[in-house]
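Structure assessment
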Amino acid sequence: MTRPAVGPLGEFEQITLLALLRLEPEAYGASIQREIEARTGRAVLLGAVYTTLDRLERKNLISSWVGDPTPERGGRRKKFYRLEPAGAEAVAAALRVVRQLATGVERRLTSRIGESR
Amino acid sequence: MNGPPTSRTIPGLVRRVLERCLAAEDREFLLGDLEETWASRPAASTGWLLRQTLGLLLTHARGVDHLRQLARRLNDHRAELVSAIPKELSMSLTAVDIRHAVRAVASRPALTLSLIATLGGGIALATVMFSVLNAVLLAPLPYGEPARLVSVWEHHVGRRDAREEFSPPNYLDLRERNRTLEGIAAIGDGSVNLTGIGAAERLQGQTVTWNYLQVLGITPVLGRGFEPVDEQVGGAPTALISARLWARRFERDPSIVGRSIRLDDRATTVIGVMGADFVPPGGEADVWLPMRFDAAARGNRSGHFLNTVARLRPDVTGETARADLDRILSELERETPSAERNLRTAVVSLREQLSGAYRPSLTLLFGAVSFVLLMACANAANLLLARASVRRREMAIRAALGADGRRLRGLLMTESLLVAGVAGGLGLLASVWATAIVNRLLPGSLGVLAGRDAAWTFTGDAVIVTLDWRVLAFAFATTVVTGLAFGIIPARHSSDVSAHDVLRETRNASGVRARTRKLLVAAQLAIAVILLVAAGLLLRSVARLHAVDPGFAAHDVVTLRTVLSPQAYPTPAARQRFFDAVVERVRRLPGIDSTGFVTFLPMTFDGLGGGVAVERRPVPDVMFPVSARFRMVTHDYLRALRVPLRAGRTFAVADTAETPKVAVVSEAFARALWKDDYTRALGQRVMMFGSPTSTPERWMTVIGIVGSVRQSRLDTAPPLEVYALQSQGSPFVFAEPRDLAVRLSGTIDPLSLAPTLRAIVRDVDPEQPVTDLRLLSDIVHHGTADRRAYLWIIGTFAVLTLALGVFGLASVMSYVISARHQELSLRMALGAHPRQIVALVGKECATMVAVGLAIGMAGALVAARAMRAWLFETAPADPLTMALVPVAFAICCFVSCAVPLRRATKLDPAAALRGD
């Protein structure tokens, strides 16, 4: 099977992948949602998280498996996610771009923000 | 890690909504995640929960995935689609415009909400109707490679019945000799009595040839299907049972396979259980028995009672198969002396066979729904136009800043497409819920839609409405078309401004807009007229139908069905003892007029069909000059139904197995052979289901001619008919009587008799099930249910659209009066009489009504012709309907205009003089 060509990641895709990576092997819908909210400080819809996870899975960047029933969820099972090699590559590439562009401009940025205050 | 354990759970309503609406594959994880987060965050508000719920519904509701796939597919063809979109539109589809449109739409919540409600309702209605149409007519049948499945019929060249069932020997010969079919299976009635475990029960069933499941491409979920050995005469009895029966009587016990149950008093081994989703073509069944062709069946060339389903070989068309099968029939004609002459085959795709009967009715209803949707568009356009004056300044400023008309139109179209999109999304969501309701209603009501050719079609249980990609594509297309349809007129008008006009505050433009609104109202009224005429024609048809003389008196007759098993009652004499015992006990009850058994009561089944041989009346080359329906009766049946005697006598107690065989024929039968001189039928000898050479003992002497009975439906001409007496022996077991009719003398309540009748049958034979205990008048009434159902549906639509149209009319009249407020006040100040004012304004109202009526009546004539199949003894241009509808319609319109007109006469002349 040929892997479909993967374009650059969208912002929310990046965030989701990073959150997933931080949580492994405990990465599932609710924990990813919590992680993103805690780290970025913005409110996230569970539906949006799942839509992104579905899309990433379709691009073969992540894979999923179903866990055992848990009592605190009314006996419902969790769907866990794991980063695939292609996903790791994509995150690394995205970070590389940010890092390369960000080197040397951070001080300028802080001074600019200070100006506006 | 999950926070403090709290007992907080998601409110039941939210959970139920999510459980019902979320797609099955992700439901568990999504709900679990939501439940977990909700429990671990005591601070989260109800608003948070609602946002999350809405988000989940929008992204993961059932059907959304289909929508997404559809969108992806559309996206793949983006370039072609974009090039297909008119220049005017594609220019407007920029992100800025969309953001602007969202802001504009959100800033007018009241208007937006009423637009969304009107359009969403229309789209939901159309989508639900389409999903039913899709499930019945378009979605693939639930069998393996359904496109190659066909139904094969026989027919006599030149006879009235275009499709006749197969006779067993013809079926067997075709099965062996054909070169175009992978397999052909025969299906016959196989209903049996289940006894020996609890209450005796009549099971609906089919006898099928061993290859039945193989031809359909289906396997049982438990056990095995039939094999050739099951078809052997004298072999051990075997049966397949339905998942429903398995659950109902055997608690889903898997050890049922191999167990023996009593069917028709015969120990029968259950060899398999069918899946719950198996839909037998041609009607419900709980049990399938292998068809076994004994010597009598193999010799019965003229008894036609087998349905078939066949699988074409790959690359074979129905036409090729027909030619192949016709070749075999003509070979048989040459080789076999007993073969019927002029016999041909008809090959119909199984899809057409099962759902063709529904096409006219579903098309009719879909047409009506389309009109309602059109109405919703017109109403929405009218609402938009009413508000257009508010936006004229905005448009003028934009125009002054350099936007040309095309750009303004694009902007406005984006807004209406946005509104339509939201309405379409909500409409789709509503139809997800409506689908559940429809699926609950269909089993009871779908049969009503099948109408006249209902034999061997889908039954209600067989159709499961789902929102598949066709429905979603339909909803999407409808939404886009709706958005364009209701937006285009207001867009053209609002964008057609000159800064000059607006800044001078002239009223010219509002005159143009009023004209457009009047046209829209006229269009709405026209749609209402079309639906009113359709409802009127249906009303006339139903009235005519109720006036039809069925050929018997249906009132005060209680009926029930007792099907005797051939094992418990192996001989005609044994059956006669049962019939006599029941009839005798019933007759001894107080208040009974007469009672008798018959093979099939009228309007329950057409009856068994076959060729009739008439002695000394051979038509050259035709052994059986006519086809007729055959019913066996006990001697008092014809009297119990009050079938009128035309000539001769009916059956008497004195006609017994020892006296010569006698028959009574219907007037239609006698006239078919002897024309006006039809009483010459008396004394003739006739024969059915036999051949004069091999079974001469089957000749029956005609002793009487009775009135023709509408055996299948009130709107279908009575068949030619031959009645024979049960006590004189039957050609085969299936022809034996099973239905009892009891006529009361009219002094007691017919239904109070029900327990007594059950007790009598139980008394005669405790193992004998009783089914279908009901009134004969209910059976007849049920036969008109289809047209009454249409009348209700179309009538409701008509009233709905009339109400909307009249409301639109009144609102435009108010608008016109306020626009001419100054002029009218001035006229009154100058001494115009209120009557003159009313005449002046009333003329505008009259114009709209007249235009609407004229267009509507023209449209109605076309629509009426399209629904001709549903009319009964009513011309599409029925004069009474065509005269009454306009009058009633005009009255409604003028009454609705009365309020605004009254206001016109109450204008204050002084105000005009003050210059307000």
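Residues numbered from 1 in each chain as written. Chains lettered and ligands numbered in written order. Predicted model: local features only at pLDDT ≥ 70, side-chain atom pairs only at ≥ 80, totals over all residues. Heavy atoms only, no water.

**Describing the overall build of chain A**
Within chain A one finds five helices and two strands. Helices and strands appear in chain A in the N-to-C order α-α-α-β-β-α-α. Across the 117 residues of chain A, 38% fall into the buried class. Taking the contacts inside chain A whose residues are at least 6 apart along the sequence as the reference set, 50% of them involve residues at least 24 apart. Accessible area of chain A: about 7,100 Å², with a carbon and sulfur share of 55%. (Helix = DSSP H or I, 4+ residues; strand = E, 2+ residues; numbered from the N terminus. Buried < 20%, exposed > 50% of the residue type's maximum accessible area, 1.4 Å probe, protein only. Contact = heavy atoms within 4.5 Å. Areas by Shrake-Rupley, 256 points an atom, 1.4 Å probe, with all protein chains shown as cover.)

**Some details on the overall build of chain B**
When its secondary structure is counted, chain B shows 29 helices and 23 strands. Evaluated residue by residue, chain B yields a buried proportion of 53% over its 916 residues. Taking the contacts inside chain B whose residues are at least 6 apart along the sequence as the reference set, 82% of them involve residues at least 24 apart. Entry remark: accessible area of chain B is about 40,000 Å², with carbon and sulfur atoms responsible for 60%.

**Some details on a nonpolar patch on the surface**
Together, A:Leu18, A:Leu21 and A:Leu95 line one region of the surface with nonpolar side chains, adding up to about 210 Å² of accessible area. Mapping A:Leu21 onto the fold places it in helix H1 (residues 11–23). (Patch = residues over 30% accessible without salt bridge, like charges linked within 9 Å, V, L, I, M, F, W, Y side chains within 5 Å. Salt bridge = Lys/Arg side-chain N within 4 Å of Asp/Glu carboxyl O.)

**Observations concerning the interface of chain B and chain A**
If you look at the interface, chain B gives 26 residues, while chain A gives 22 residues. For the pairing of chain B and chain A, the buried interface totals around 2,100 Å² over both sides, and the portion due to carbon and sulfur atoms is 47%. The interface formed by chain B and chain A holds six salt bridges in total. Between B:Glu35 and A:Arg76 there is a salt bridge, with its nearest N and O atoms 3.3 Å apart. (Buried area = accessible area lost by both parts, 1.4 Å probe.)

**Details of the side chain of A:Gln33**
With respect to the helices and strands, the residue A:Gln33 is situated in helix H2 (residues 29–40). Under the relative-accessibility criterion, A:Gln33 is labelled buried at 1%. Of the polar contacts made by the side chain of A:Gln33, one reaches the side chain of B:Gln52; its length is 3.4 Å. (Polar contact = N/O pair within 3.5 Å; in protein donor to acceptor, adjacent residues only side chain to side chain.)

**Considering unusual backbone geometry**
The residue after A:Glu24, namely A:Pro25, is reached through a cis peptide bond having omega 5°. Within the element layout of this structure, A:Pro25 appears in the loop between H1 and H2. In this structure, A:Asn60 is a non-glycine residue whose phi angle is positive, near 65°. Turning to its location among the elements, A:Asn60 is positioned in the loop between helix H3 (46–58) and strand E1 (62–69). Residue classification places A:Asn60 among the partly exposed residues on the basis of a relative accessible area of 30%. One non-glycine residue with positive phi stands out, namely B:Asp315, at about 70°. Its location among the elements puts B:Asp315 in the loop between strand E11 (307–312) and helix H13 (318–335).

**A look at the pairing of E11(B)**
Sheet faces and side chains relate simply in a regular strand, where the side chains alternate between the two faces. Residues and elements named next belong to chain B. Burial of E11 is extensive: six of the six residues sit out of reach of the surface. Residues Asn307, Val309 and Arg311 line one face of E11 and the alternating positions Thr308, Ala310 and Leu312 line the opposite face, and both faces are buried. Where strand E1 (residues 149–156) and E11 come together, two bridges link them in antiparallel fashion. Across the sheet, the residue bridging to Leu149 is Arg311, located in E11. Pairing geometry for strand E2 (residues 181–189) and E11, over six bridges, is antiparallel. Across the sheet, the residue bridging to Ala186 is Thr308, located in E11. (Pairing = 2+ DSSP bridges.)

**Here we look at the packing of helix H25 (residues 785–819) of chain B against helix H27 (residues 834–866) of chain B**
Residues and elements named next belong to chain B. Across the interface, H25 lies against H27 with an axial gap of 11 Å and an inter-helix angle of 145°. Where H25 crosses over H27, the two elements pack in a sense that is right-handed. Here H25 contributes Leu809, Val812, Met813, Val816 and Ile817 to the contact with H27, which in turn contributes Val841, Glu844, Cys845, Met848 and Val849. For the contact of H25 with H27, the per-class residue count stands at nine nonpolar, no polar and one charged. (Axes fitted to C-alpha atoms, helices over the stretch in contact; angles between N-to-C directions. Left-handed = near helix turned anticlockwise from the far one by under 90°. Nonpolar A, V, L, I, M, F, W, Y, C, P; charged D, E, K, R; others polar.)

**Let's talk about the environment of B:Arg163**
All names here are of chain B. Summarising the element assignment, Arg163 is placed in the loop between E1 and helix H9 (168–177). Judged by its relative accessible area of 42%, Arg163 falls in the partly exposed class. If sequence neighbours within four positions are ignored, Arg163 has contacts with Trp153, Glu154, His155, Val348 and Gln353.

**A closer look at the environment of B:Asp878**
Residues and elements named next belong to chain B. Among the secondary structure elements, Asp878 is positioned in the loop between H27 and helix H28 (879–905). Asp878 sits 345 residues away from Val533 along the chain, and the two C-alpha atoms are 9.6 Å apart. Not counting residues within four places of it along the chain, the set of residues in contact with Asp878 comprises Leu537 and Arg540.

**Overview of the confidence of the model for chain B**
Residue and element names in this part refer to chain B. Looking at chain B, pLDDT values average 84 and 90% of them are 70 or higher. pLDDT under 50 marks residues 1–6. Its contacts with residues more than four places away, or in other chains, come to eight contacts. Confidence metrics for the complex model read pTM 0.64 and ipTM 0.85. (pLDDT = per-residue confidence, 0-100.)

**Regarding the side chain of B:Thr209**
Residue and element names in this part refer to chain B. The residue Thr209 is located in the loop between strand E5 (205–208) and helix H10 (212–216) in this model. Here Thr209 falls in the buried class, since its relative accessible area comes to 0%. Engagement of the side chain of Thr209 in a polar contact is seen with the backbone nitrogen of Ala186, the distance being 3.0 Å. Non-local contacts of Thr209, meaning those with residues more than four positions away in its chain, are made with Tyr171, Arg175, Ile184, Ala185, Ala186, Glu231, Met291 and Phe293.

**Some words on the environment of B:Leu138**
Residues and elements named next belong to chain B. Here Leu138 is to be found in helix H8 (residues 109–138). A sequence separation of 332 residues divides Leu138 from Arg470, and the C-alpha atoms of the two residues are 8.7 Å apart. The contacts of Leu138, once residues within four sequence positions are left out, are Phe130, Leu133, Arg351 and Arg470.

**A few points about the nonpolar core**
Of all hydrophobic cores here, the largest spans 74 residues; its most connected members are B:Leu362, B:Val533, B:Ile794, B:Leu809, B:Val841 and B:Phe889. Once you skip the residues sitting within four places of it in the chain, B:Ile794 turns out to touch B:Leu364, B:Ala368, B:Leu531, B:Ala534, B:Ala535 and B:Leu538. Within the second largest apolar cluster, 37 residues are counted, among which are A:Leu23, A:Val44, A:Ala90 and B:Trp48. (Core = buried A, V, L, I, M, F, W, Y, C linked by side-chain atoms within 4.5 Å.)

**Quick notes on a positive patch on the surface**
On the surface, B:Arg16, B:Arg20, B:Arg62 and B:Arg440 cluster together to form a positively charged patch. Relative to the assigned elements, B:Arg16 resides in helix H1 (residues 12–21). (Lys, Arg positive; Asp, Glu negative; His and termini not counted. Charge placed at Lys NZ, Arg CZ, Asp CG, Glu CD.)

**Details of H28(B)**
Residue and element names in this part refer to chain B. Under the 1.5 Å per step criterion, the end-to-end length of H28 is 38 Å for 27 residues, consistent within 8% with the ideal 39 Å. The largest bend along H28 measures about 40° and falls at Ala898, with the proline Pro900 one to four residues further on. Among the residues of H28, those classed as buried are Thr881, Met882, Val885, Pro886, Phe889, Ala890, Cys893, Ser896, Cys897, Pro900, Leu901 and Ala904. (Expected span 1.5 Å × (residues − 1). Bend = angle between axes of the 7 residues up to and from the residue.)

**Comments concerning the state of the cysteines**
Taken as a whole and judged by the stated rule, the model has zero disulfides over all chains. Residue B:Cys892 stays outside any disulfide, its sulfur separated by 6.7 Å from that of B:Cys893, the closest cysteine. (Disulfide = S-S within 2.5 Å.)

**Details of the pairing of strand E14 (residues 592–598) of chain B**
Residues and elements named next belong to chain B. Counting buried residues in E14 gives six out of seven residues, a clear majority hidden from the surface. Judged from the six bridges that link them, E14 and strand E22 (residues 739–744) form a sheet pairing that is antiparallel. Residue pairing for E22: Thr595 is matched across the bridge by Val742.

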